Amino acid sequence: MADSANGPKPSSSVKLVLLGEAAVGKSSLVLRFVNNDFQENKEPTIGAAFLTQKCNLPTRTIKFEIWDTAGQERFASLAPMYYRNAQAALVVYDLTKPTSLVKAKHWVAELQRQASPGIVIALVGNKLDLTNDGSGSGGDAESAGGDDLGDARKVSTEEAKTYSEEEGLLFFETSAKTGFNVTEVFTAIANAIPETSLKSARGVAASHAAGRAEEQRVNLNGPRDPNAKEGCAC
Amino acid sequence: MDSLSDTIWDAVICGTGLQQSLLALALSRSGKNILHIDPNEYYGGPEAAFSLQEAESWVASLSDPNSQNNASNGGVFRAASITKPEATSSALKFSRSYSLALSPQLIHSRSELLAQLVSSRAHRQIDFLAVGAFFIIKAPEDPDHKAVLTRIPSTREDVFLSKAIPVKAKRGLMKFLKFVVDYDSEPQTEAWQPHADAPLTEFLRKEFKMEAELQTYIVTLTLSLDGRISTRDGLAIIHRHLSSMGVFGPGFAAIYPKWGGISEIAQVACRACAVGGAVYMLGTGIKSMQTGYSAEMELELTNGVTVKTRRLVQTDESASKKVVVSRLVSIIDSPLNSLFAAVVEGAQKPAVAVIAFPSGSLKTSTGKTWEFPVYVFAHSSDTGECPVGQSILYLTTPSITDSKEVLEQAVQSFLGAVNREQVPHSVYQLYYEHLGGSAGSRTEGQVFNFPTASPSLSFNDSTLKVVREAWREVLGEAATGADYMVFQDREGAVDDEEMYD
């Protein structure tokens, strides 16, 4: 997948955690981003899942290590384990469910209190396909109530956007179903990660030690493991 | 929370210290229903790593008679206190830029723990850093002078090049290093077995004609807490040290996980189990249990929920414990760069250095000689445990009267030795005593009890044995012939870094 025309670009790993209420579409967003796929009526995530996906920027490649967490309340104890040392967080709510934005705000507050200082947080309103703005949904139904068949939106763009600006978050409205804006979220996060915190591992301390981490990191698959390089095209 | 009570759990694991977390990792692909809880609001149990704020609440919890952390309720720490000298406390950065490890341990490159982390693929989520030089700090002969740091040569090439050792002594040391390589086979065994239970220092003196100073070099490499390690144990540890040298890169024998050491391994292991479907609950302990009525036991949790499980795995809290070591964690307002130079050219830059005050080199304020060694682990900011421009010292010595005073004095003496012109300051000190307990596991019906690990400065592979016992206990017959800790990468988690090399 390396862009052979441009030769090898510097590659860095970014740990990203997904948070949000159950059934807002966290896993679907990841599935869309990683596999460009969507499953209707997807089973709830149990515990958490770990996936990786690369994001090619003009000058570098970001490899996202994505920790998709379960949204159910009983899994809340998992979150600290995931956002510890995370450089980015995607906090998701459902545009058609105001309580999910309340929950999202809780996560943002917790991240600001507990996660690595300097973490890049993106607030994402998902399920845009259920609203009039949804790409592809024939939306000429103008409705004051906003809850007729054409438009299930219950959280206005304005409200979420204002909140995001106040808290210094990236903000997007997406549809994991149609794929609208999904790649854009991840690209925006990749661009927002400070250059200084890349190349090295994660977190704030690492960000100041930029560029040295590679020479420091001890590779356990080092010289003694002959399989470490299998599949290498070099 | 209903489904918690509706499920019949295959195992409830209580506590997220290293043993329980490794068990969680071992069970992460077993398909078993696992509920993993911890009475604390943080992961890692006795191996946790804390921000300054967390350290403060932890200190408070130790003196709270109702807290499960209190030593009288089974906790393994006590007598904790924090001091921040007024004059320099402004050097402290914000709470979360620190991650203070409660039980920092080096992991030797040949440790089975690393092999298990690799075979289980958990290592992909951990950054390992090199542990660099070992130093001896020598008290000045003249009280007006400052202490001196001397690096311990730990390979034969090193000994050869060392200027600190007289030529005659080098010969004895070379002979010893050669001996240790094959110490456990004939004819070497004949040389040491008669002395197996005698102190290592005595063996070194008698068999290798080593003088006191060289003896302290060797004993320091064993990280023996009281300096009185037996010949049998000492030789085994020196052998481990020497055979670990260079395994993952030139010039170092041990590694340390970034972001708080063992605590990071515990969290990664728990994550792996969560990905496998386990349910995690912090701030939840066991209030009461009922066993013996059926194949399942009933546990009443502290959050009011009652759950049914076939097995309970926990730490043996009823076992008697005794205070083993006193620890002092000190934040220094200097990066102490001179300690973290690469030992060999081209090697990884180390993030940890080990410094020892040999037995008898410190004195209490009343002039009493301190009969034990004091070990100092210096961690650079590359460990992620403190901000850039600072460093952390972790000091350990056996716990008796005066331990605290001796540790505080050791910090000052060390700082004076490391930079004579501009002596760095200790801007924060966390003191506590660490208890140790039973050695083996204990099974009581459906309850498997892990032993309370004894404090140690390097990871001891015997910890892994009890984890495996617990794994066998939970899996039952399914454990027969099953691979242990051998997993494939999960889909989507493939490491493809080589494409960019």
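Keep in mind the model is a prediction, meaning the values are calculated, not measured. (Residues numbered from 1 in each chain as written. Chains lettered and ligands numbered in written order. Predicted model: local features only at pLDDT ≥ 70, side-chain atom pairs only at ≥ 80, totals over all residues. Heavy atoms only, no water.)

Caption draft 1: Structural detail: the sheet that holds strand β13 (residues 297-301) of chain B. Residue and element names in this part refer to chain B. As summarised here, the arrangement of the four strands in space is β1-β14-β13-β12, forming an open sheet in which the pairing is mixed. One side of each edge strand has no neighbouring strand; the edge strands of this open sheet are β1 (8-9) and β12 (286-290). Relative to β13, β12 is paired through four bridges, and the arrangement is antiparallel. Of the residues in β13, the one forming a bridge with Ile286 is Leu301. (Pairing = 2+ DSSP bridges. Helix = DSSP H or I, 4+ residues; strand = E, 2+ residues; numbered from the N terminus.)

Caption draft 2: Layout of empty space enclosed by the protein. Residue and element names in this part refer to chain B. A complete count under the given rule lists six cavities of 30 Å³ or more for this structure. Taken as a whole, the largest cavity holds about 190 Å³ of empty space. Lining the largest cavity are 18 residues; nearest its centre among them are Arg29, Arg121, Gln125, Ala272 and Arg490. Among the elements that line the lining of the largest cavity, the one with the most residues is helix α11 (residues 262-275), at four residues. Of the residues that constitute the lining of the largest cavity, the class distribution is nine nonpolar, three polar and six charged. Taken as a whole, the second largest cavity encloses approximately 100 Å³ of empty space. Taken together, 15 residues form the lining of the second largest cavity, with Gly132, Ala133, Phe134, Ser154 and Met245 sitting closest to its centre. Along the lines of polarity and charge, the residues of the lining of the second largest cavity split into nine nonpolar, four polar and two charged. (1 Å grid on protein atoms, 1.4 Å probe; cavity = no way out; pocket = protein on both sides within 12 Å on 5 of 7 lines; lining within 4 Å. Points joined across faces, edges and corners; volume = space filled by probe spheres on them. Nonpolar A, V, L, I, M, F, W, Y, C, P; charged D, E, K, R; others polar.)

Caption draft 3: Broad picture of the confidence of the model for chain A. Residue and element names in this part refer to chain A. Residues at a pLDDT of 70 or more form 73% of chain A, whose mean pLDDT is 78. In this model residues 136-148 is a low-confidence stretch, pLDDT under 50, and it forms 11 contacts with partners more than four residues away in sequence or in other chains. Low pLDDT, under 50, characterises residues 199-214; the predicted model gives this stretch 40 contacts beyond four residues in sequence or across chains. (pLDDT = per-residue confidence, 0-100. Contact = heavy atoms within 4.5 Å.)

Caption draft 4: Up close: helix α6 (residues 167-181) of chain B. Residue and element names in this part refer to chain B. Compared with the 21 Å implied by 1.5 Å per residue over 15 residues, the 22 Å span of α6 between its first and last C-alpha is a close match. Regarding α6, the residues found buried are Lys170, Gly172, Leu173, Phe176, Leu177, Phe179 and Val180. Summarising the contacts, the buried residues of α6 are in contact with α5 (156-161), α7 (188-192), α8 (200-208), α9 (212-222) and α10 (231-244). (Expected span 1.5 Å × (residues − 1). Buried < 20%, exposed > 50% of the residue type's maximum accessible area, 1.4 Å probe, protein only.)

Caption draft 5: Quick look at the packing of aromatic side chains. What the rule picks out here adds up to 19 aromatic pairs over all chains. Ring plane angle 75° and centroid distance 5.8 Å describe the contact between Trp370 of chain B and Phe372 of chain B, whose orientation is recorded as edge-to-face. By the burial criterion, Trp370 of chain B is buried, and Phe372 of chain B matches it. Ring-pair connections join several aromatic residues into one group, and the members of that group are Tyr42, Phe50, Trp58, Phe77 and Tyr432 of chain B. Against the face of Tyr163 of chain A rests Lys105 of chain A, its NZ or CZ located 4.8 Å from the ring centre. Above the ring of Trp67 of chain A, the side-chain terminus of Arg271 of chain B is found at 5.4 Å from the ring centroid. (Phe/Tyr/Trp six-rings, centres within 6.5 Å; stacked < 30°, edge-to-face > 60°. Lys NZ or Arg CZ within 6 Å of the ring centre and 35° of its normal.)

Caption draft 6: Here's a closer look at the pattern of salt bridges. Within this structure, the stated rule accounts for 21 salt bridges over all chains. Between Glu173 of chain A and Arg153 of chain A there is a salt bridge whose closest N-O contact spans 2.9 Å. Taken as a pair, Glu173 of chain A in strand β6 (residues 170-173) and Arg153 of chain A in the loop between β5 (120-126) and α4 (157-167) lie far apart in primary sequence, 20 residues in all. Using a relative accessible area of 14% as the deciding quantity, one classes Arg153 of chain A as buried. Here Arg310 of chain B makes a salt bridge to Asp10 of chain B, at a shortest N to O gap of 2.6 Å. One end of the pair, Arg310 of chain B, is in the loop between β14 (306-309) and β15 (312-315); the other, Asp10 of chain B, is in the loop between β1 and β2 (11-14), and 300 residues separate them in sequence. Linked by salt bridges that have partners in common, Arg121, Arg124 and Asp489 of chain B make up one network. (Salt bridge = Lys/Arg side-chain N within 4 Å of Asp/Glu carboxyl O.)

Caption draft 7: Structural detail: the packing of α9 of chain B against α10 of chain B. All names here are of chain B. For the pair α9 and α10, the least separation of the axes is 8 Å and the interaxial angle reads 75°. Considering their axes alone, α9 and α10 lie roughly perpendicular with respect to each other. Facing Ile218, Leu221 and Thr222 of α9, the residues of α10 in contact are Gly234, Ile237, Ile238 and His241. Of the residues that constitute the contact of α9 with α10, the class distribution is four nonpolar, three polar and no charged. (Axes fitted to C-alpha atoms, helices over the stretch in contact; angles between N-to-C directions. Parallel < 35°, antiparallel > 145°, perpendicular 65-115°, else oblique.)

Caption draft 8: Summary view of the confidence of the model for chain B. On average, chain B scores 90 in pLDDT, and the residues at 70 or more come to 96%. In this model residues 494-501 of chain B is a low-confidence stretch, pLDDT under 50, and it forms 21 contacts with partners more than four residues away in sequence or in other chains.

Caption draft 9: Broad picture of the pairing of strand β8 (residues 128-138) of chain B. Residue and element names in this part refer to chain B. By the criterion of burial, β8 is predominantly enclosed, with 10 of the 11 residues buried. As defined by bridge partners, β8 adjoins strand β10 (residues 254-257) across four bridges and the pair is classed as antiparallel. When the sheet's bridge partners are listed, Ala130 is paired in β10 with Ile255. Here β8 pairs with strand β17 (residues 352-357) via four bridges, running parallel.

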